[in-house]
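So you can see what is in the structure, the chains are spelled out below.
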Amino acid sequence: MPRRRPRSGRSAAPRPMGDVYGRTEDGPGEETYVVRTVPGARAVKTYRCPGCDHEIAVGVAHIVAWAAEGGEDDRRHWHQGCWNGRRTRGITRRWS
């Protein structure tokens, strides 16, 4: 079977996969948060979830969220279930 040649003059700009650039959601309280999903393959450090105060182990998919007006320096790593339940239970861990 003959092989196809790629068409010249066609630029294939990389497209973001999933929510690489983040999406906005209502967070704890009344603030708007920027939210990203971290797949397990990219989770290379251990974090502490502010929703349950338990560790998020290496290799576990989770959510990274920060206040839209605060900036990425204030981002926090949440378990998926803790982020989904953020409206029905308060934050167990406060940070400064």
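The preceding data block contains the structure.
Residues numbered from 1 in each chain as written. Predicted model: local features only at pLDDT ≥ 70, side-chain atom pairs only at ≥ 80, totals over all residues. Heavy atoms only, no water.

Looking at the element boundaries, H62 is found in strand β5 (residues 62-67). In terms of polar contacts, H62 uses its side chain to reach the backbone carbonyl oxygen of V60, at 3.0 Å. Among the polar contacts listed, one links the side chain of H62 to the side chain of H77, at a separation of 2.9 Å. Ignoring sequence-local partners within four residues, the contact set of H62 consists of R36, T37, V38, A43, Y47, I56, H77 and W78. (Helix = DSSP H or I, 4+ residues; strand = E, 2+ residues; numbered from the N terminus. Polar contact = N/O pair within 3.5 Å; in protein donor to acceptor, adjacent residues only side chain to side chain. Contact = heavy atoms within 4.5 Å.)

Take unusual backbone geometry next. Apart from glycine, the bulk of residues carry a negative phi angle, and the bulk of peptide bonds sit in the trans form. Even without being glycine, D53 reaches a positive phi, approximately 65°. With respect to the secondary-structure elements, D53 resides in the loop between β3 (47-48) and β4 (55-56).

Moving on to the pairing of β5. Counting buried positions along β5 gives six out of six residues, so the element sits mostly inside the fold. Side chains H62, V64 and W66 of β5 all project onto a buried face; the interleaved residues I63, A65 and A67 project onto the opposite face, where all are buried too. Pairing of strand β2 (residues 32-38) with β5, which is carried by six bridges, proceeds in the antiparallel orientation. The residue bridging V38 from the neighbouring strand is H62, located in β5. Taken together, the three bridges between β5 and strand β6 (residues 76-78) define a ladder with antiparallel strand orientation. Of the residues in β6, the one forming a bridge with A65 is R76. (Buried < 20%, exposed > 50% of the residue type's maximum accessible area, 1.4 Å probe, protein only. Pairing = 2+ DSSP bridges.)

Turning our eyes to something else, we now look at the pairing of β2. Here strand β1 (residues 23-26) runs beside β2; their pairing, made up of four bridges, is antiparallel. Across the sheet, the residue bridging to D26 is T32, located in β2. The antiparallel hairpin formed by β1 and β2 contains five residues in its connecting segment, where G29 sits at a positive phi of about 80°.

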